[in-house]
Structures are given as structure tokens and as C-alpha cells.
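# Structural features, examined
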Amino acid sequence: NKKIMIVLGDHVFCSDAKNVFCINLTTDTYVWQYELQFPGYTILSNVYETKISSFLGYYKNHLLIALSNDHVLSISSLTGKLNWQLPNTNNSESIENADHFPSAISFVVYEETGKLFSFSNNRYIEIDIETGAIIMYINEYYKMDNAYKVKFDQNSTGFCKIEDSI
């Protein structure tokens, strides 16, 4: 039971709960398949299987996908290889501690800038689609004079400290 995400030329990109597929419509053959390799995740002592939640969009050969464990993936539409994932961790425990990373399905593609963005819990998060780099603005005290800029990159294994006050 596959869901169509997008059709580009003679290729269709579709998914089921655990895979993303590229199918050539002219030859009716599979070009590539990406299989999720994520462990389950825990919320309030309940373990859940990681699945594909939704297709967020497409930008310059990047298929942008939200997962049920609140990861965001960029998969190459040309090769089916993972470009980047955020948050960049394979540890289900850290998902629970990553309370400042919003729900993956809350991200929206802004094609004019090549960014994914989300507003969540008094935070504005912006992801550069081509690199996976994140800029996050945090307003911890719900006042505009206490906003902070936090920079992350795709290679970080945790969350960085606040760099500077705005």
C-alpha cells in the first residue's frame, strides 16, 4: 500500500510505512528504494515503531520527509541516499530530551530561500535544505528582549549551547 509523494518527469516517488521508492513510469521499474533504519522510540514508557509520517516537500533533488519519531530526512531524489537527518542522532533516548526540536510534521518548505521552517514552543527553527544546517531562535522567557540565536549543524550529535543574545 504505497502513497504517492510527488511525480517529477517520468519518475514517481512514493512511500509505505518504512520505505521510499522511486519508480520510472516509462519502464515501470524501480530505480531505487530507501529503507528506514531507525530504532523504535519511547514516549511515557510506551515503545513505538518509527514510520514515515508525511512528505514535507521537494527542493533541488531533496525529498523532505517527516518521521513519526520527529526526525526530518532529506533523501536524494537521484540516488535514494540519505543526505541528512535532524535531529542527528540514532539514540531514541535523546529524542525525549530534545524537547526544543518541534514535531517533524510542523515544518514547511519555503522554496524562495531553500529552507524548511517551523514555529514551535516559542521557537523559530530554520533548516537549510541543501546542507541540513539549523538556525534556531529561542525566546525562553516569552519576551522579545530575551531571544537567543542557537546554531546547529548536521554533524552535531547533541544540541549546542546558546551562542549569542540578539
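You'll find the structure just up there.
Calculation criteria
Residues numbered from 1 in each chain as written. Predicted model: local features only at pLDDT ≥ 70, side-chain atom pairs only at ≥ 80, totals over all residues. Heavy atoms only, no water. Disulfide = S-S within 2.5 Å. Buried < 20%, exposed > 50% of the residue type's maximum accessible area, 1.4 Å probe, protein only. Pairing = 2+ DSSP bridges. Helix = DSSP H or I, 4+ residues; strand = E, 2+ residues; numbered from the N terminus. Axes fitted to C-alpha atoms, helices over the stretch in contact; angles between N-to-C directions. Core = buried A, V, L, I, M, F, W, Y, C linked by side-chain atoms within 4.5 Å. Phe/Tyr/Trp six-rings, centres within 6.5 Å; stacked < 30°, edge-to-face > 60°.

## Quick look at the state of the cysteines
Under the defined criterion, the tally for this structure stands at zero disulfides. Take Cys 14: it sits in no disulfide, and the sulfur closest to it among the cysteines is that of Cys 22, at 8.5 Å. For Cys 14, a relative accessible area of 4% gives the class buried. We classify Cys 22 as buried; its relative accessible area is 1%.

## Remarks on the sheet that holds strand 3 (residues 19–24)
An order of 1-2-3-4 is seen for the four strands of this open sheet, with the pairing classed as antiparallel. Taken across any chain shown, the strands that pair with only one partner, and hence form the sheet edges, are strand 1 (3–8) and strand 4 (29–35). The sheet shows a mean angle of 20° between the axes of neighbouring strands, direction not considered. Where strand 3 meets strand 4, six bridges bridge the pair, whose relative direction is antiparallel. Across the sheet, the residue bridging to Asn 19 is Glu 35, located in strand 4.

## A few points about the nonpolar core
Counting 16 residues, the largest nonpolar core has Leu 64, Val 72, Trp 84, Phe 107, Leu 116 and Ile 127 as its most contacted members. Those elements that place two or more of their residues in this core are strand 7 (52–59), strand 8 (62–67), strand 10 (82–86), strand 13 (123–128) and strand 14 (134–139). Counting 15 residues, the second-largest nonpolar core is a separate cluster that includes Phe 13, Tyr 34, Leu 67 and Ile 75.

## Observations concerning the packing of aromatic side chains
Enumeration over the complete set of coordinates arrives at seven aromatic pairs. Each member of the aromatic cluster is reached from another via a ring pair, and the members are Tyr 110, Phe 117, Phe 119 and Tyr 124.

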